[in-house]
Every structure is written in C-alpha cells, then in structure tokens.
Amino acid sequence: MQAFLYYLFLPFIYGFSLLPFPIIYFVSDILYYVLFYILKYRRDTIYSNLTNSFPDKSKAEIEVIAKQYYRYFCDLTLETFKSLTISKEEAIKRCHLADNRLMNQWHAEGKKMILVMGHYGNWEWAGTTISLNTNYPFYIIYRPLHNPYFDRLVNKMRTRFGSKMVPMKGTLRHMASHKAEAIATVFVGDQTPEAEFAYWTTFLNQETPIFVGTEKIAVKFNDPVVYAWIERVKRGYYLMHYKLLVAEPATTVEGEITKLHTSLLEQQILKIPQYWLWSHKRWKHKRNIN
C-alpha cells in the first residue's frame with residue numbers, strides 16, 4: 001500500500017513543483033479556504049495550542065492568528081513541494097543568509113559547529129539552501145518518515161544542493177566519525193521527545209518537554225552551538241540569521257544550552273506567532289511528577 005500511494009501521488013507532486021510561483025500561490029489561496037473552512041484541518045489542536053500559549057489574548061485575537069497560520073501553512077506546504085525542481089539560482093534568491101561572513105571565517109579557522117533551530121518559517125528551504133550560502137558542509141539530523149518511499153523523496157529534496165541527512169539514531173556515530181572535520185550539524189530543537197528523556201521547562205506559558213539531544217552532543221564533543229532563525233521577508237522570500245549561543249558547551253551546567261535556544265525560539269514566536277508549527281501536537285506528553 002505504501003508503494004502504491006507513493007507512485008500514485010509522485011507524478012502530481014513533481015508536476016505541481018514545476019508550476020511557476022504565481023500559480024503555486026494562487027493554489028495556496030484556494031487550499032487555505034479548503035483547509036480552514038471545509039476540512040477544518042487539525043482545528044482543535046491549533047486552537048488549543050494557541051489558546052494555551054496566549055492566555056491573555058481574546059478569542060478574536062486567537063482567531064486572527066489561527067487564520068494567519070492556516071494561510072502560511074498552505075504556503076509552506078506548497079513551497080516545500082517546489083523544492084523538488086527549483087533551480088539553484090532561484091533557491092538562493094528566495095532563501096539565503098543575511099550575512100555569511102562569520103560562518104565562513106569559522107570554517108576557514110577549522111571550527112566545527114552545531115546549529116540549532118526550530119520549526120519556524122520555511123525550515124525546509126533553509127535546510128535545503130544553507131549549504132549554498134556558506135563554505136560549511138551541512139549535516140541535518142532528522143527523524144525518518146514511516147513511509148520509506150516518501151522518506152527517500154523528502155531526503156532527495158533536502159539534499160539537492162549539498163546538505164546531507166543523518167537519521168537521529170545515527171547522530172553519535174556521525175559526530176564521532178567527523179570529529180576532526182570542520183562541519184556543521186543541524187538540530188531541530190523543538191521536536192517532541194518522550195517525557196522521561198526530556199528537559200522540562202516553561203515554554204509559551206506551558207510546562208513543556210524539550211529535546212536534549214542537541215545539548216548532550218554539544219557537551220560531549222564541546223562543539224560551539226549556534227542558534228539560527230528564519231525571517232519571512234515577504235511571500236516566498238526568506239532571510240536566515242544566526243548567532244553564537246555557546247562557545248564552550250563543556251563549561252555549561254545541565255539544561256543551560258537547552259534553555260537558551262528554547263528561550264530564543266519563544267521570543268521569535270511571541271513576536272510573530274503565525275510562522276510556527278501550531279498544527280503539531282507539541283504538548284501531547286505530560287510530566288510524571290511521581
């Protein structure tokens with residue numbers, strides 16, 4: 001069944017990715033009305049997440065953010081499909097680093113780097129194009145999809161311009177095998193971990209389990225941690241920014257790195273909330289206090 005679904009949808013996915021951007025965004029506008037008004041896609045999850053994250057906002061304000069999110073989610077989904085066939089020149093024009101000089105300097109000095117980011121803005125385009133923006137070879141830690149056919153398709157899309165994918169279970173082996181190389185390894189820090197293996201903190205006004213793999217790897221190998229975020233300049237155009245978060249992870253206390261990158265993501269969301277992944281069941285786990 002998985003193979004059947006894959007080969008059934010593959011021609012449509014590729015065909016859609018060949019469409020020019022004006023048509024893609026026209027389709028996105030239609031898709032918004034379908035998802036929001038007809039299918040009501042993950043409506044309960046989205047409204048619950050927003051209401052709990054912004055307890056001081058009125059229902060009308062929550063409604064505005066929800067509609068903005070649905071509109072952006074449609075753009076994000078279709079922009080992701082476009083990644084399959086977008087040209088290198090177009091990709092760089094639409095998603096690039098605001099300033100790559102510091103990264104290139106670090107690479108010239110032979111420094112490794114751990115980059116952590118969240119599901120904010122078009123993280124797919126960021127992962128696809130970041131290797132075009134600096135001299136670093138980028139390795140992205142990811143959680144494989146259950147459907148192996150679509151997993152290969154997504155990986156093909158993400159690696160078109162040089163980025164490489166590393167399954168989450170192979171993170172330690174990857175870091176050890178590239179210990180002496182000036183590489184950049186990308187972690188997405190706002191994934192939902194199992195409750196018993198998480199660092200718990202307050203995030204968006206809720207007790208939240210945070211993925212600690214980024215911190216543990218950084219401390220073990222003492223590689224500098226860089227926080228990256230994505231700014232949506234206008235429809236279909238993004239700027240990536242970054243800042244050095246911790247230069248010597250081995251000198252930090254437990255939870256320090258995790259709290260730092262989580263706090264920066266939270267600030268980003270509070271400033272412009274509609275570009276975060278609100279349809280994800282981020283708070284499905286509860287803390288066991290026994």
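Everything discussed here concerns the structure shown above.
Please read these numbers as outputs of a predicted model, since none were measured by experiment.

### Digging into the environment of L50
Structurally, L50 can be placed in helix 3 (residues 43-53). What makes L50 buried here is its relative accessible area of 0%. Considering only alpha carbons, one finds L50 and A66, 16 residues apart in sequence, at a separation of 7.7 Å. Residue contacts for L50: discarding those within four places in its chain leaves I62, I65, A66 and W278.

### Details of the packing of helix 2 (residues 21-39) against helix 4 (residues 59-82)
Two numbers describe how helix 2 lies on helix 4: the axes approach to 9 Å, and their chain directions differ by 135 degrees. Relative to helix 4, the element helix 2 lies oblique. Handedness of the crossing formed by helix 2 with helix 4: right-handed. Contacts between helix 2 and helix 4 involve F21, I24, Y25, V27, S28, D29, L31, Y32, Y33, L35, F36 and Y37 on the former and, on the latter, E63, K67, Y70, R71, F73, C74, D75, L78, E79 and K82.

### Description of the sheet that holds strand 1 (residues 95-97)
Either a parallel or an antiparallel arrangement is found when strands of a sheet pair, and the pairing is made through backbone hydrogen bonds. On the basis of which strands lie adjacent, the open sheet formed by seven strands has the order 1-9-8-2-5-3-4 and mixed pairing. In the strand order of this sheet, the two ends are held by strand 1 and strand 4 (164-167), each with one partner. Strand-to-strand twist of the sheet, defined as the mean angle between neighbouring strand axes without regard to direction, takes the value 30 degrees. In this sheet, strand 5 (residues 184-188) lies alongside strand 2 (residues 113-117) in parallel orientation, the contact comprising five bridges. Within strand 5, the position partnered with V116 by the bridge is F187.

What counts as what
Residues numbered from 1 in each chain as written. Predicted model: local features only at pLDDT ≥ 70, side-chain atom pairs only at ≥ 80, totals over all residues. Heavy atoms only, no water. Helix = DSSP H or I, 4+ residues; strand = E, 2+ residues; numbered from the N terminus. Buried < 20%, exposed > 50% of the residue type's maximum accessible area, 1.4 Å probe, protein only. Contact = heavy atoms within 4.5 Å. Axes fitted to C-alpha atoms, helices over the stretch in contact; angles between N-to-C directions. Parallel < 35°, antiparallel > 145°, perpendicular 65-115°, else oblique. Left-handed = near helix turned anticlockwise from the far one by under 90°. Pairing = 2+ DSSP bridges.

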